[in-house]
Structure formats: structure tokens, C-alpha cells
Amino acid sequence: MSLKDLLSPFFVWQRAFEKPWTNMRPIEERPGAPAYRGFHINLADSCIGCGSCHTICQNEAIDMVPVEEFSGRPGDSGLRPRFDYGRCCWCALCVDICTANSLHMSNEYTWLARDPTDYHFTAGVEEKPWQDSELGYHRAEGYHLYPPKRIDMDMLTADESVQSFDEVVNGYSEEQAKLEADRCVECGICVATCPAHMDVPDYIRSIRDGDFETGLQLMYRTNPFPATCGRICTHRCEEVCPVGITGQPIAIRWLKRFIVDQVDSIDYARILDSEIIENGHKVAVIGAGPGGLSAAYYLRKKGYSVTVYESQETGGGMLRYGVPSYRLPDDALDKDIDYIISVGVDIRYNTIIGKDVMFEDLLGEYDAIFLSTGLSVPSSMRINGEDHPRVLSGLQVLADVARGKDPGIGRKVAVIGGGNVAMDAARVSRRLGADVDILYRRRISEMPADPEEIKESQEEKCNLVEKAIPVEIMDTGSKKQVTIKWGEAEMVQDPKGGRPRPVLQEDRMHTETYDCIISAIGQGSNLDFITPAVQEQLAIEWGKFTPGEYQRSELEKIFVGGDVANRTADAISAIEDGHHAARGIDRFLKPGAYAEN
Amino acid sequence: MNTVDEILDYAIEQEQQAADFYAELALRAEKAGMKQVLLDFADEEMSHKKRLLAVKNGKHELTPEEEVLDLKISDYLVEVDATDDISYQDALIIAMKRERAAYELYTDMAANIPDSHLKEVITGLAKEEAKHKLFFESEYDDRVLMDN
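The rules behind these values
- Residues numbered from 1 in each chain as written.
- Chains lettered and ligands numbered in written order.
- Predicted model: local features only at pLDDT ≥ 70, side-chain atom pairs only at ≥ 80, totals over all residues.
- Heavy atoms only, no water.
- Helix = DSSP H or I, 4+ residues; strand = E, 2+ residues; numbered from the N terminus.
- Rg over C-alpha atoms; globule rule 2.2 N^0.38 Å.
- Buried < 20%, exposed > 50% of the residue type's maximum accessible area, 1.4 Å probe, protein only.
- Contact = heavy atoms within 4.5 Å.
- Areas by Shrake-Rupley, 256 points an atom, 1.4 Å probe, with all protein chains shown as cover.
- Lys, Arg positive; Asp, Glu negative; His and termini not counted.
- Charge placed at Lys NZ, Arg CZ, Asp CG, Glu CD.
- Axes fitted to C-alpha atoms, helices over the stretch in contact; angles between N-to-C directions.
- Parallel < 35°, antiparallel > 145°, perpendicular 65-115°, else oblique.
- Left-handed = near helix turned anticlockwise from the far one by under 90°.
- Pairing = 2+ DSSP bridges.

Caption draft 1: Seen up close, the overall build of chain B. When you go through chain B residue by residue, the secondary structure sums to 4 helices and 0 strands. The N-to-C order of helical and strand elements in chain B reads α-α-α-α. Taken over the C-alpha trace, chain B has a radius of gyration of 16 Å; the compact-globule value for 148 residues is 15 Å, and the two agree within 12%. Taking the principal axes of the C-alpha coordinates as reference, chain B spans close to 50 × 30 × 25 Å. Of all 148 residues assigned to chain B, the portion counted as buried reaches 51%. Contacts spanning at least 24 positions in sequence make up 74% of the contacts within chain B whose residues lie at least 6 apart. Working note: accessible area of chain B is about 7,000 Å², and carbon and sulfur atoms make up 50% of it. Computed over 17 positive and 35 negative side-chain charges, the inter-centroid distance for chain B is 2 Å.

Here it is in C-alpha cells:
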């Protein structure tokens with residue numbers, strides 16, 4: 001070693017007094033290019049926490065974290081993306097996939113912090129200087145990583161559909177179903193919204209995989225009516241589907257139907273593992289509608305001996321007698337019900353409780369009872385002349401048609417009401433060759449019927465007359481005709497809030513003569529079969545039960561569900577009520593099995 | 001009835017009679033849940049009575065000038081009987097029609113009374129009845145005319 005090498009460390013010290021050769025920060029801040037992929041901006045109010053950004057991120061730089069202020073919003077997971085800038089590679093795939101188009105990037109790229117954990121942040125929730133930056137990478141308008149438009153469903157035209165009671169919707173082919181399934185981002189927002197919490201992303205994946213048997217198994221975990229719901233479900237899942245925010249929602253209902261249609265009912269027992277271990281308990285179910293049969297199915301799978309009492313000659317309730325076959329063909333409904341029966345559910349048809357079998361006898365004979373008797377009594381208009389023989393009930397017309405009977409409506413019909421029964425009565429009348437006016441007290445936008453029912457009834461040339469209030473039914477002197485007097489309404493804001501109320505304008509009255517008038521203004525329950533002593537112990541408000549936890553009534557043996565116990569009055573809610581009650585009855589009758597909970 | 005007190009006593013008595021009517025009907029009601037509904041109606045009438053007592057005692061003022069929305073629902077409905085098996089719909093129809101009859105009675109009385117102060121009081125009572133009618137008609141609109 002030379003002397004210079006030995007002394008050089010001491011000479012280094014002279015550098016300490018020299019001007020630095022490097023800059024502490026760049027002399028000039030250089031802004032990022034206008035479309036630079038800089039720090040993330042999330043419009044947290046528009047974001048619905050679908051987690052597509054998290055799923056697509058190849059570096060696992062995004063976690064979805066709960067944010068209190070967004071918790072509990074409908075169609076929102078309550079989660080928001082949290083970025084780890086130690087991992088992010090600024091590829092912008094998260095921006096490109098964002099279903100709500102809430103995620104962007106600013107053109108900011110400098111951020112100094114001493115603590116490395118500072119570089120983890122929840123965009124749009126934690127204040128950052130670049131949150132309001134307009135520059136930076138935004139997804140180009142019209143650019144999507146998945147097709148925004150759903151695969152069109154092959155349907156009969158309106159002109160074709162009114163010619164018969166054939167099913168209007170033809171269903172997807174396998175190729176179409178796979179293309180539609182490919183659009184799903186698997187976020188699961190739909191699962192939380194579906195009353196039955198069906199595992200939608202996984203059964204849609206089974207279509208992509210071509211594994212329809214797994215799809216069927218997944219559906220039966222929470223819904224024993226997939227063929228039915230694949231056709232007439234109110235599909236609230238689609239209303240919250242994030243793909244629908246910037247495009248059209250995934251056709252979840254049609255995909256469900258596709259899976260069921262691929263599997264022959266002969267294979268159900270093998271696929272769904274029908275082995276049942278009897279547990280010795282007996283449960284009675286009153287009403288063989290979707291709520292009652294759902295409870296029966298899940299109770300039977302748990303080993304209960306289940307007897308269903310049904311007043312009609314076959315099962316299905318409103319699905320059978322209230323939903324016309326052009327929306328739900330009998331063979332689709334039978335596919336669901338036949339499998340439920342095949343697992344050992346005993347249905348006693350044509351049996352009226354309170355007449356053929358006494359309610360108090362059931363209370364003594366069974367370990368638990370599930371009541372799901374629906375809303376079967378049509379509401380009356382209570383206007384003068386309503387008892388005219390040419391005034392028919394919408395429910396009766398639909399039931400007659402379901403039984404293959406001619407309801408005798410004639411060629412010119414007025415339907416009163418704006419719910420699904422009214423729409424179906426009108427569309428059935430069109431198929432029977434009648435011209436139809438639908439009179440509704442409020443505006444079309446306030447009709448309680450499903451929007452697609454309203455749209456299709458209009459396409460089928462039902463004449464929808466809004467703000468029309470019936471005031472009197474008058475005899476024409478002919479047994480084949482009837483006249484209705486109705487007045488125009490003005491919508492007036494309710495001083496106490498809520499939806500506007502129609503007010504009759506007595507100076508704007510109309511009369512019109514029809515071959516018949518079909519009244520479909522609503523339905524109520526008939527609980528007369530329950531003995532008064534029992535009725536007094538049950539909480540019943542305006543004809544409906546008010547169930548507690550697990551659909552239990554005030555009497556420990558009695559559980560309730562379906563339209564007679566919920567506000568939504570749709571099939572999927574009834575199905576979930578039945579499933580929920582089955583779990584409740586199981587907890588009630590086998591408390592030891594749940595002791596650890 | 002020539003004085004304000006006499007008119008108010010009459011109105012208070014009418015509210016009490018209405019409450020008694022619903023309470024008695026509740027005792028007879030056979031349909032599930034109807035007892036409670038009718039007892040709620042009776043409570044509603046008692047709250048009307050209380051309000052009129054407050055008017056009589058000078059603690060509350062009638063508002064004869066107030067415009068009250070008239071939905072005209074009960075005007076075109078048929079009369080129904082207060083039977084033991086009365087339904088929700090019919091109970092509401094009875095309630096609406098009773099309030100309507102009271103409103104019309106006070107309106108007619110006000111039209112035939114020359115004394116301006118008394119006329120004002122009776123018109124105030126008519127407006128009270130119009131509000132009660134609106135209450136029951138709104139219930140009917142929400143609960144019975146759901147699909148219409």
C-alpha cells in the first residue's frame with residue numbers, strides 16, 4: 001500500500017467544506033405530461049367498492065378496506081381501494097377496469113415522506129393535494145376492458161307474442177351465454193343485494209368453465225326455484241351490477257335460466273346429492289307457494305319429515321295461478337317443484353286448513369309450523385256498481401287461464417290497476433284477442449309493476465291511461481257489457497311528504513263501455529284459518545305478520561314468511577323467507593347443535 | 001248551540017262518540033289484527049278530542065283559514081257496514097266517511113250562522129275534520145290502493 005492510499009481518508013475531510021455537487025430537490029418542478037400515469041384519484045362517492053381494481057392489479061398493490069361513511073349504502077360494498085405505492089407499477093389497469101369510472105390518475109409524481117407507511121393510502125378518502133387534479137390518465141371515452149353491452153336475448157316480437165301463450169323469451173345459446181358470462185367482473189355486489197344471497201359470480205363462472213352441474217349445485221344452496229327465478233325474478237341483482245353503471249348490467253337472470261336449461265331433471269338427484277338423514281322431527285308447511293316449498297325443501301334436506309298443506313289442486317301458488325305461461329311456462333315451474341317433491345316432501349293438495357284439517361290439530365301434531373299462505377284475496381274497488389257480473393277479478397282471470405279455462409272477457413277490456421297482476425291480466429287479455437285499456441290512478445312512472453312488464457304491455461298494444469280514477473260502474477242493459485265512469489286526476493304534493501297523491505278532478509269525467517272490467521288493484525291475506533285464540537297471540541299488522549329473527553312469530557312453534565310476512569311480495573323474497581325459516585326451525589328444534597354459537 | 005263553548009262541547013262529544021264506536025267495534029272484531037287497528041282508530045279520535053279540549057281551554061287555536069287537501073277518495077266509495085268480520089279496507093272506509101260527514105255538517109252549519117265569530121269557530125272545526133279525513137284517506141291510498 002502506498003503512502004497516498006494511507007493518507008487519502010484524511011484528505012476526504014476537505015470535501016466537507018466544499019459546495020454540494022448535488023441538488024436537494026430539482027431546481028424546477030417539472031409537471032407530468034397531461035395524460036401522465038401519476039398518483040391515483042378516486043371519486044369515492046361514485047365508487048361502489050366493487051374491487052375490480054384490486055382483482056386486476058398484477059402487483060397486488062391494491063387492498064379493499066372498509067370505510068365507515070360508505071357502509072350500508074345500497075349496491076355498495078362499503079369498501080374503498082387502498083394503494084401501496086411500494087408495489088404499484090403505474091400500469092393503470094385499475095383505471096381501465098374501474099366499473100364505476102370513479103378511478104383516475106393525476107399527473108402528480110413527486111411525494112416526499114419519511115415514513116414508508118405513508119405511501120399506503122386510501123384514494124379519495126384521505127386528503128391528498130392531487131385529489132382535484134384534472135390532468136393525468138383517464139380512461140378514454142368508450143374504451144372498456146369488457147364489452148359494455150349485454151348479449152341480446154332472442155325474444156318473440158310483440159306482434160308474435162300476442163298470438164299465443166308461448167314463452168316470450170327464448171333463452172341464450174351456449175355461445176351467447178359464455179359471451180355474456182365473460183362480461184362479469186366477479187365483484188359480488190349482486191350477492192349482497194339478492195334477497196336469497198345467491199352465489200352469482202361463481203355460478204356465472206361455471207358457465208365460462210362449461211361446468212353447468214357445479215352451477216346448478218351453487219344455485220340450489222340458496223334457491224330451490226332456479227328455473228322459475230331464471231325467468232321471472234325481479235332481478236334486483238342486475239339493478240346493482242356495477243357493469244351497468246357505464247354499460248348494461250350482466251343478464252344474471254338469463255344466465256341462471258341458461259344453467260338450469262342445460263341440465264336434465266333426471267340428473268338432478270345425482271348432481272344435487274339427495275341423501276337425507278332422517279332426524280325424527282315433523283314440520284307442517286301451510287301453502288305450497290315459493291315460500292312454503294322453499295322451507296319444505298331445506299327442512300327436508302336437514303332430515304325433517306315435511307308435510308305441505310295446499311288448498312289448490314297443484315303447487316306453485318301465485319307462480320302457478322298468477323304468472324302467465326308466456327313468462328313462466330308450467331314445465332319450468334314443474335321442474336323446480338318436481339325436484340322438491342322428489343326429495344321426500346309430502347304435499348297434500350285440495351286441503352283447506354280450517355275446513356279439511358283444523359289448525360289447532362296441526363299445532364298439536366307437528367313440532368313446528370311454517371305459514372306462507374300469500375296474498376290471495378283480491379281487493380275490492382268499493383265503488384258503486386262493482387258487483388256487476390261483467391266486473392272480473394284480475395286474479396280470477398289469471399287463475400282461469402292457468403287452468404285452461406276461458407275467463408270470458410270479450411273483445412274490449414278495461415283493466416284497473418298498475419301492479420304486475422294488472423299488467424298480466426292486460427297481456428293475457430291481448431292474447432285472448434281483446435283490445436285493452438289499462439286505467440291507473442297515478443302516473444306511469446309510479447306504477448308498482450316491473451318496468452319490463454310495463455314496457456312489454458305497451459309493446460303488445462295495451463293502451464295505458466294514466467291518472468284515471470274509476471268512480472262508478474254502470475249497467476248498460478246488456479248482460480255482455482258494462483260501463484265505467486272515471487275521472488281524470490291531478491297529482492298533488494302530499495303536505496306531509498312522500499309520493500304525490502292523485503286528486504280527482506270532478507269536472508273532467510269520462511264514461512266508456514267495455515265487454516268486461518278487470519279489477520286488479522291489489523290483494524290481501526286470508527288468515528281466517530288461524531283460530532282466534534292463536535291469532536290474538538300473533539302480531540299481525542294490516543293483514544301481514546311481522547316476523548322476528550329467523551322468521552319466527554310470537555308463538556315459538558310458528559314461523560311465517562312469503563308475501564304474507566314481507567313488504568316486497570316477490571318470489572325471491574319468499575324463497576329466502578322459507579330458507580331462513582328452515583334454518584330457524586332447525587335451531588329451534590335442535591338447540592344443542594347450535595350451542596357453540 | 002249559540003255559544004262557542006256549546007259548539008266546542010258538541011264537537012268534543014262527537015269525537016268521544018267516535019272513539020267509543022271504534023273501541024266497541026274492536027271488541028267485536030273477528031279478523032286477525034283488526035282489534036289493534038280499531039283501537040288505533042279510537043286513539044286517533046281521542047287525540048282529536050284532546051286537541052279540541054285544548055282549543056276550549058285556550059291552549060290551542062283553530063285554523064279556519066288553512067287550506068286542507070281533499071283527496072276525494074271517500075266521496076265515491078260505497079257505504080259499508082260495521083260488521084264483526086270487518087276488514088281493514090272497510091274499517092278505513094267507515095273512518096273516512098265519518099270524517100267526511102262531520103266535515104260536511106260543520107261546513108253547512110258555518111254557512112247558516114250569521115255570527116261571524118261563531119262562523120269562524122265552526123269553519124275551524126270543519127277544517128279539523130278535513131284534516132282527519134285527509135289522514136284516513138292517505139292511509140287508504142297507501143295501504144289499500146297500493147297497486148292502483
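From this point on, the discussion continues.
Caption draft 2: Looking closely at the packing of helix 19 (residues 420-431) of chain A against helix 20 (residues 451-459) of chain A. Residue and element names in this part refer to chain A. At a minimum axis separation of 10 Å, helix 19 and helix 20 run at an interaxial angle of 25°. Looking at the two axes, helix 19 sits roughly parallel to helix 20. The element helix 19 and its partner helix 20 pack so that their crossing is left-handed. Residues N420, M423, D424 and R427 of helix 19 form the contact with helix 20, whose participating residues are E453, I454, E456 and S457.

Caption draft 3: Just the sheet that holds strand 5 (residues 120-122) of chain A, in detail. Residues and elements named next belong to chain A. If you walk across this open sheet you meet the 3 strands as 2-3-5, and the pairing is antiparallel. Among the strands making up the open sheet, the edge pair consists of strand 2 (62-66) and strand 5. Pairs of neighbouring strands in the sheet enclose a mean axial angle of 30°, with direction left out of account. Judged from the 3 bridges that link them, strand 3 (residues 79-84) and strand 5 form a sheet pairing that is antiparallel. Bridging from a neighbouring strand, F83 pairs with F121 of strand 5.

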